Amino acid sequence: FLLSNVTENVFPPWPGDTVTVIGGFLVAQGKSLGWISLVSSTFAGNLFGGYVMYRFGKIALDWMKVNHFPFKKSIYDETQLQKTFDWFSKYKISVVVLSRFSAGIRFFVSIVAGMSKMPLYSFLFFFSIAIFIWCGLLIGGGFFLGKKWDLILNILKIYNRLVMSFIALAIGLVLYSKFKKKRKTD
């Protein structure tokens with residue numbers, strides 16, 4: 001479970017939430033190492049994975065500032081990055097805690113926290129709260145649904161589709177707005 005949760009934080013397509021739910025199911029069936037092992041490995045894996053991406057964010061920003069690479073102008077825009085950091089600084093606690101509830105967002109939030117130089121201990125503290133809430137729900141759901149664990153997987157699938165659709169729509173609106181602005185200036 002530790003490796004699965006590290007992988008999920010570093011490589012978002014990995015189905016770490018599904019593995020966590022199955023862990024709760026296995027504990028309920030007596031086929032796992034037990035509650036303490038499941039909770040501690042899930043917590044440690046998520047925390048370490050979040051820390052890795054936080055460090056990556058810090059290193060990536062510094063690297064992008066001084067190095068030239070293809071598409072630098074489209075990726076590294078100081079003005080846009082500063083707007084993102086300002087917004088993140090304003091809502092960082094809520095963003096870090098709520099990011100756990102979406103697999104597509106949690107990956108980027110850890111990186112932005114590192115890039116925006118959010119204090120490491122603050123990030124780890126609020127990230128830990130989020131881990132306990134989200135993973136507690138997943139483990140508890142897997143445990144209490146027992147043999148009906150496929151129900152929670154279907155709920156998660158619908159939830160993730162809704163969140164990803166909302167994100168895609170938001171990105172589409174931002175891109176459309178930028179395209180429209182650029183067209184006006186041309």
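Computed from a prediction, not measured in an experiment: that's the story for all the values here. (Residues numbered from 1 in each chain as written. Predicted model: local features only at pLDDT ≥ 70, side-chain atom pairs only at ≥ 80, totals over all residues. Heavy atoms only, no water.)

**With respect to the overall build of the chain**
Tallying secondary structure elements over the chain gives eight helices and zero strands in all. Reading the helices (α) and strands (β) of the chain from amino to carboxyl end gives α-α-α-α-α-α-α-α. Across its three principal axes, the chain shows a C-alpha extent of roughly 65 × 30 × 30 Å. For the chain, buried positions account for 39% of its 186 residues. Across the chain, the fraction of contacts at a sequence separation of at least 24, relative to all contacts at a separation of at least 6, is 74%. (Helix = DSSP H or I, 4+ residues; strand = E, 2+ residues; numbered from the N terminus. Buried < 20%, exposed > 50% of the residue type's maximum accessible area, 1.4 Å probe, protein only. Contact = heavy atoms within 4.5 Å.)

**A few points about the environment of Asp62**
Within the secondary structure layout, Asp62 lies in helix H3 (residues 35-66). Considered as a pair, Asp62 and Val97 are 35 residues apart in the sequence and their alpha carbons are 25 Å apart.

**Examining the packing of aromatic side chains**
Evaluation of the coordinates by the stated rule reveals nine aromatic pairs. Centre to centre, the rings of Trp35 and Phe143 are 4.8 Å apart; their planes meet at 50°, and the pair counts as tilted. Placement of the pair is Trp35 in helix H3 and Phe143 in helix H7 (residues 120-145), with a sequence separation of 108 residues. The exposure class assigned to Trp35 is partly exposed, which follows from its relative accessible area of 39%. Seen in terms of ring centroids, Phe143 and Phe144 are 5.1 Å apart; in terms of plane orientation they differ by 90°. Their pairing is edge-to-face. According to the relative accessible area criterion, Phe143 is partly exposed, its value standing at 24%. Classification of Phe144 by relative accessible area gives exposed; the value is 69%. Taken together, the aromatic side chains of Trp35, Phe143 and Phe144 make up a single cluster linked through ring pairs. (Phe/Tyr/Trp six-rings, centres within 6.5 Å; stacked < 30°, edge-to-face > 60°.)

**Structural notes on H7**
One turn of the α-helix equals 3.6 residues, which is why residues spaced by three or four share an orientation. Taking 1.5 Å per residue as the helical rise, H7 with its 26 residues ought to reach 38 Å, and the 36 Å between its terminal C-alpha atoms agrees with that figure. In the segment just after H7, Gly146 is the residue with positive phi, at about 50°. (Expected span 1.5 Å × (residues − 1).)

**Some thoughts on the confidence of the model for the chain**
Model confidence for the chain is summarised by a mean pLDDT of 83, while 91% of its residues fall at 70 or above. Mean pLDDT across the elements of the chain ranges from a minimum in helix H4 (residues 72-75), with 64, to a maximum in H7, with 90. (pLDDT = per-residue confidence, 0-100.)

**Things to note about the nonpolar core**
Soluble globular proteins tend to bury their nonpolar side chains together. Phe88, Val96, Met115, Met118 and Phe123 are the most contacted members of the largest nonpolar core, which has 32 residues in total. Among the secondary structure elements, those contributing two or more residues to this core are H3, helix H5 (78-99), helix H6 (103-115), H7 and helix H8 (149-185). Counting residues per element, this core draws most heavily on H7, which supplies nine residues. For Val96, the contacting residues outside a window of four places in its chain are Phe88, Val109, Met118, Phe123, Phe126, Phe127 and Ala130. (Core = buried A, V, L, I, M, F, W, Y, C linked by side-chain atoms within 4.5 Å.)

**A look at the side chain of Asn46**
Secondary-structure assignment places Asn46 in helix H3. Overall, the relative accessible area of 0% leaves Asn46 in the buried class. Beyond its immediate sequence surroundings of up to four residues, Asn46 is in contact with Asn5, Glu8, Asn9, Arg100, Phe127, Ile131 and Cys135.

**Observations concerning the packing of H5 against H6**
The geometry of a pair of packed helices is captured by two quantities: the angle between their axes and the separation between those axes. Axis separation between H5 and H6 bottoms out at 10 Å; the angle between their running directions is 135°. By the angle between their axes, H5 is oblique relative to H6. Of the two elements, H5 crosses H6, and the hand of that crossing is left-handed. Residue-level contacts link Thr84, Phe85, Phe88, Val95, Val96 and Ser99 of H5 to Ile105, Arg106, Val109, Val112, Ala113 and Met115 of H6. When grouped by side-chain class, the residues that make up the contact of H5 with H6 number nine nonpolar, two polar and one charged. (Axes fitted to C-alpha atoms, helices over the stretch in contact; angles between N-to-C directions. Parallel < 35°, antiparallel > 145°, perpendicular 65-115°, else oblique. Left-handed = near helix turned anticlockwise from the far one by under 90°. Nonpolar A, V, L, I, M, F, W, Y, C, P; charged D, E, K, R; others polar.)

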